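# Fold and geometry: a report
What follows is each chain in one-letter form.
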Amino acid sequence: MLFDLEGQTAIVTGASSGLGHRFALTLARAGAQVALAARRVDRLEALAREIKGFGGRVSCFSLDVTEEANINEVIDGAETELGALTIVVNNAGVALPKPAIKHSVEDYNFIVDTNLKGAWLVATAAARRMIQHGHGGAIVNIASMAAFDVLPGLSLYAMSKAGVVQMTKALALEWARYGIRVNAIAPGYIETEMNSDYFKTEQGREEIESTLRKRLGGPEELDGTLLLLASKASDYITGTVITVDDGQSLV
């Protein structure tokens, strides 16, 4: 019962694949009504069918997190179809591995606009709605261990995720009085569709070998942390970043 999300309405951004796909399933299995949001709507519809298959309530929305008007439209739609928003999983993100001197301004805008500006736009739009309703809520931002330990070729990604960490703390400080908890998860090496090919390369295999237990995690490794931060079980936790990296940051 501690992690029960019955009666809660959640939005998961970047839900079309990878961690977002898993987050949506996890919340739905815990009882939440889930709004799936991403650019690839065809993939969302397949996920929605899976959730409906075990009796979950779900809706799909096309979302570009860099467009404020689009974000507000999605929140409006989610609340109309599923109920007042109480949970947000701010997951949409991109990476573009490349040496810093090879990055263009367009690369910078693409990564930072999606990972940081987009996360801020979603969080603030959701908070306005939660404040309006007066019932508080939980915002879970998805950062990365790269926010603390920079990896080769990921300077812009690391910068954007470091910004998400500081944003999490700043927003938690501002919104505590409204009963809105803002926390973040910083995953380590979790294998997803976005990075699976890389971890099959020689460099990728070397990075796996450098970890404490010489293994990759799967998206399911984040289930417990997500349910903690999304549920009333974390009612006394805000402004916290939980690193889930199997001790990777200790090496």
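All figures in this text were calculated on a predicted structure; none of them were measured in a lab.

### As for the sheet that holds strand 5 (residues 137-142)
- In space, the seven strands of this open sheet follow the order 3-2-1-4-5-6-7, with parallel pairing throughout. Two strands bound the open sheet, and with one partner strand each, they are strand 3 (58-62) and strand 7 (241-244). In this sheet, neighbouring strand axes are inclined to one another by 15° on average, regardless of whether the strands run parallel or antiparallel.
- Across five bridges, the pairing between strand 2 (residues 33-38) and strand 3 is parallel. Residue pairing across strands places alanine 38 opposite serine 62, the latter belonging to strand 3.
- In this fold helix 3 (residues 68-82) packs onto strand 1 (9-13), strand 2 and strand 3, with an angle of close to 165° to the strand it touches most, strand 3.

### Some thoughts on the packing of helix 1 (residues 18-29) against helix 7 (residues 223-230)
- One way to put it is that helix 1 packs onto helix 7 with a least axis distance of 10 Å and a crossing angle of 60°. With respect to helix 7, the element helix 1 is oriented oblique. Two packed elements cross with a definite hand, and for helix 1 against helix 7 that hand is right-handed. Contacts between helix 1 and helix 7 involve Arg22, Phe23, Thr26 and Leu27 from the former and Asp223, Leu226, Leu227 and Ala230 from the latter.
- Counted by class, the contact of helix 1 with helix 7 contains five nonpolar, one polar and two charged residues.

### Here we look at the environment of glutamate 191
- Tracing the chain through its elements places glutamate 191 in the loop between strand 6 (180-187) and helix 6 (202-209).
- The class for glutamate 191 is partly exposed, based on a relative accessible area of 32%.
- Measuring from C-alpha to C-alpha, the distance between glutamate 191 and arginine 49 comes to 24 Å, with 142 residues separating the pair along the chain.
- Setting aside chain neighbours within four positions, we find glutamate 191 in contact with Ser196, Lys200, Leu216, Gly217 and Pro219.

Criteria and thresholds
Chains are numbered independently. Their residues run from 1 in the order of the written sequence. In keeping with the model being predicted, local features are shown solely for residues with a pLDDT of at least 70 and side-chain atom pairs are shown and tallied solely at 80 or more, while totals for entire chains, interfaces and linings include all residues. Side-chain figures throughout are based on the complete set of non-hydrogen atoms in the structure, without hydrogens or water. One requirement defines pairing of two strands: DSSP has to find at least two bridges between them. Counting from the N terminus, the helices are the DSSP runs of H or I reaching at least four residues and the strands are the DSSP runs of E reaching at least two. Lines are fitted to the C-alpha atoms to define the axes, a helix being fitted only along its stretch in contact, and any angle between axes, read from their N-to-C directions, falls within 0 to 180 degrees. Should any heavy atoms of two residues lie within 4.5 Å, those residues are considered in contact. For classification purposes, angles smaller than 35 degrees are called roughly parallel, those larger than 145 roughly antiparallel, those between 65 and 115 roughly perpendicular, and all remaining angles oblique. By convention the crossing between two helices is left-handed if the near helix lies anticlockwise of the far one by an angle smaller than a right angle, and right-handed if it lies clockwise. We call Asp, Glu, Lys and Arg charged. Ala, Val, Leu, Ile, Met, Phe, Trp, Tyr, Cys and Pro are nonpolar, and the rest, Gly among them, are polar. Only protein chains enter the accessibility calculation, which uses a 1.4 Å probe. A residue is then buried if its area is under 20% of the maximum for its type, exposed if over 50%, and partly exposed in between.

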